[in-house]
Amino acid sequence: MAAERKYQRILLKLSGEALGGQGFGIDAQTVQRIAAEVKRVHALGVEVAMVIGGGNMWRGADAAATGIDRATADYVGMLATVMNSLIMQDAMEKHGMATRVQTAIEMPPVAEPFIRRRAVRHLEKGRVVILAAGSGNPFFTTDTAAALRAVELNAQVLLKATKVDGIYDDDPVKNCYARKFDEIGYMQALNMGLKVMDSTALSLCKDNNMPIIVFDLQQEGALEAIMRGEKCGTLVSKDVKEPV
Ligand code: UDP
């Protein structure tokens, strides 16, 4: 089994929208499908940590634009990520995986608090660890929380699941001539203002040399293919000299 996997420990970042299927909120079938995809890599012996966003329910910046205090709006957003994480946990346990949810904002009746060493121990024991409530701080995103957790849990790669199969130089939905990058450097992605992740998340990965793979989770088997070392999506790392 071990020979079949390139990575021992991964951090998988799902946006809240990834749980919504084609729309808003949560689509039960989509959540089940994601759980099945995670199970395939878990079965390879990969240690899986996950960070799930909340954008399918609430985005702090959008709510602030309607007049709600930004910090308050962000705390609501973090609570939305907890709801998504609990729903994902339920689906994964129904697929036979042992899981733990850890929250960056303490809520003991609901989940464990985030304790780094305990999270690492869960991973070593083969439990999928879902890290909820973002970073616990307003004015951040779950992408930044994912970068932070990937670094502190010593993941070998941050996998960012999106609805497109990688990073393009323009929106491939609107521009059919948009070019996809197979690989790109952190600085290039930052300088070109590419919508990979927000700049805080990208800078954290850059400073800590955390590779990011942006891929399409809707593509069946993509996650497993990445685990086997196949080229899939776009790799963001320091090693690239020129955009490909
Ligand atoms: N959020 C926050 N701090 C964090 C992570 C998230 O304040 O560390 C809030 C923020 O308001 C954000 C919302 O939670 O808009 C939902 O997260 P995000 O927009 O990153 O979700 P995604 O786009 O991944 O679904």
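Right above here is the structure, for reference.
Only a predicted model underlies this, so the values are computations on that prediction, with no experimental measurement involved.

J.: Talk me through the site of the ligand; I want residue IDs and the actual numbers.
T.: In the neighbourhood of the ligand, 20 residues make up the surrounding shell, with Gly 16, Arg 59, Asp 74, Ser 135 and Thr 142 lying closest. At a separation of 3.0 Å, an oxygen atom of the ligand approaches a polar backbone atom of Gly 54. With respect to the ligand, the side chain of Arg 59 contributes an N or O atom lying 2.6 Å from an oxygen atom. When the free accessible area of the ligand is taken as 520 Å², the share hidden by the protein chains comes to 93%. With three residues, helix H3 (residues 70–94) is the single largest residue contributor to the shell around the ligand.

J.: Outline unusual backbone geometry, listing residues and values.
T.: Here Phe 139, not a glycine, exhibits a phi torsion of approximately 70 degrees, which is positive. Position of Phe 139 among the secondary structure elements: in the loop between strand S5 (128–132) and helix H5 (142–152). Residue Phe 139 is classed as exposed on the basis of its relative accessible area of 54%. Its identity as a non-glycine residue notwithstanding, Asn 209 has a phi of 55 degrees, on the positive side. Position of Asn 209 relative to the elements: it lies in the loop between helix H7 (199–207) and strand S10 (212–216).

J.: Which residues make up the pattern of salt bridges, and what are the values?
T.: Going through the model one piece at a time under the given rule, you end up with 17 salt bridges. Here Glu 37 and Arg 40 are joined by a salt bridge, their closest N and O atoms 3.7 Å apart. Of the two residues, Glu 37 and Arg 40 are both situated in helix H1 (residues 28–42); the distance of three residues between them amounts to about one turn of the helix. Residue Arg 40 is classed as partly exposed on the basis of its relative accessible area of 33%. Members of the salt-bridge network, linked through shared partners, are Glu 37, Arg 40, Glu 220, Glu 224, Arg 228 and Glu 230.

J.: A description of the packing of aromatic side chains should follow, citing residues and the corresponding values.
T.: Within the structure shown, the criterion is met by zero aromatic pairs. One residue, Arg 149, lies across the ring of Phe 114, its end atom 3.7 Å from the ring centre.

J.: Explain the nonpolar core residue by residue, including any values.
T.: Within the largest apolar cluster, 40 residues are counted, with the highest numbers of intra-cluster contacts made by Leu 14, Met 50, Met 88, Leu 159 and Phe 215. For this core, the secondary-structure elements that each account for two or more residues are strand S1 (9–14), H1, strand S2 (47–52), H3, S5, strand S6 (157–162), S10 and helix H8 (222–227). If you look at the next biggest cluster of nonpolar residues, it comprises 30 residues, including Leu 194, Ala 201, Leu 202 and Val 236.

J.: So what about the sheet that holds strand S11 (residues 234–237)? Which residues, and what values?
T.: In spatial order, the strands read S4-S3-S5-S2-S1-S6-S10-S11-S9; together these nine strands make up an open sheet with mixed pairing. A single partner strand is all that each edge strand has here, and the edge strands are strand S4 (112–113) and strand S9 (183–185). Bridging between S9 and S11 involves three bridges; their strand directions are parallel. For Gly 185, the partnering residue across the bridge sits in S11 and is Ser 237. Set on the sheet, H1 makes contact with S1, S2 and S5; between it and S2 the angle comes to about 150 degrees. Packed onto the sheet, H5 meets S1, S2, S5 and S6 and runs at close to 175 degrees relative to S1.

What counts and how
Think of each chain on its own: its residues are numbered from 1, step by step along the sequence as written. With pLDDT at 70 or above as the cut-off, local features in this predicted model cover only qualifying residues; side-chain atom pairs require 80 or more to be listed or tallied, and sums for whole chains, interfaces and linings still use all residues. The side-chain values count all of the structure's non-hydrogen atoms but skip hydrogen atoms and water molecules. Near is defined per residue: the residue qualifies when any heavy atom it owns lies within 4 Å of the molecule or strand. N or O atoms closer than or at 3.5 Å make up a polar contact, with two conditions inside protein: a donor-capable atom paired with an acceptor-capable one, and, for residues adjacent in sequence, both atoms drawn from side chains. What sets the accessible areas is the Shrake-Rupley method with a 1.4 Å probe; for residues, cover comes only from the shown protein chains. Numbering of helices and strands runs from the N terminus; a helix is a DSSP stretch of H or I covering at least four residues, while a strand is a stretch of E covering at least two. Each residue's exposure class comes from its accessible area (1.4 Å probe, protein chains only) as a fraction of the maximum for that residue type: buried when under 20%, exposed when over 50%, partly exposed otherwise. Salt bridge, as used here: a side-chain nitrogen of Lys or Arg that lies within 4 Å of a carboxyl oxygen of Asp or Glu. Aromatic pairs are defined between Phe, Tyr and Trp rings, using the six-membered ring for Trp, whenever the two ring centres lie within 6.5 Å; interplanar angles under 30 degrees are classed as stacked, those over 60 as edge-to-face, and all others as tilted. Remark: a charge is flagged as sitting over a ring if the NZ atom of Lys or the CZ atom of Arg is within 6 Å of the ring centre and within 35 degrees of the ring normal. Nonpolar core, defined: a set of buried Ala, Val, Leu, Ile, Met, Phe, Trp, Tyr and Cys residues in which side-chain atoms within 4.5 Å join the residues together. Two strands qualify as a pair provided DSSP detects at least 2 bridges between them. The contact rule is simple, with two residues in contact once any of their heavy atoms fall within 4.5 Å. Axes here refer to lines fitted to C-alpha atoms; in helices the fit is confined to the stretch in contact. Angles between the N-to-C directions go from 0 to 180 degrees.

Fair warning: the whole summary comes from geometry, so function is off the table for now.
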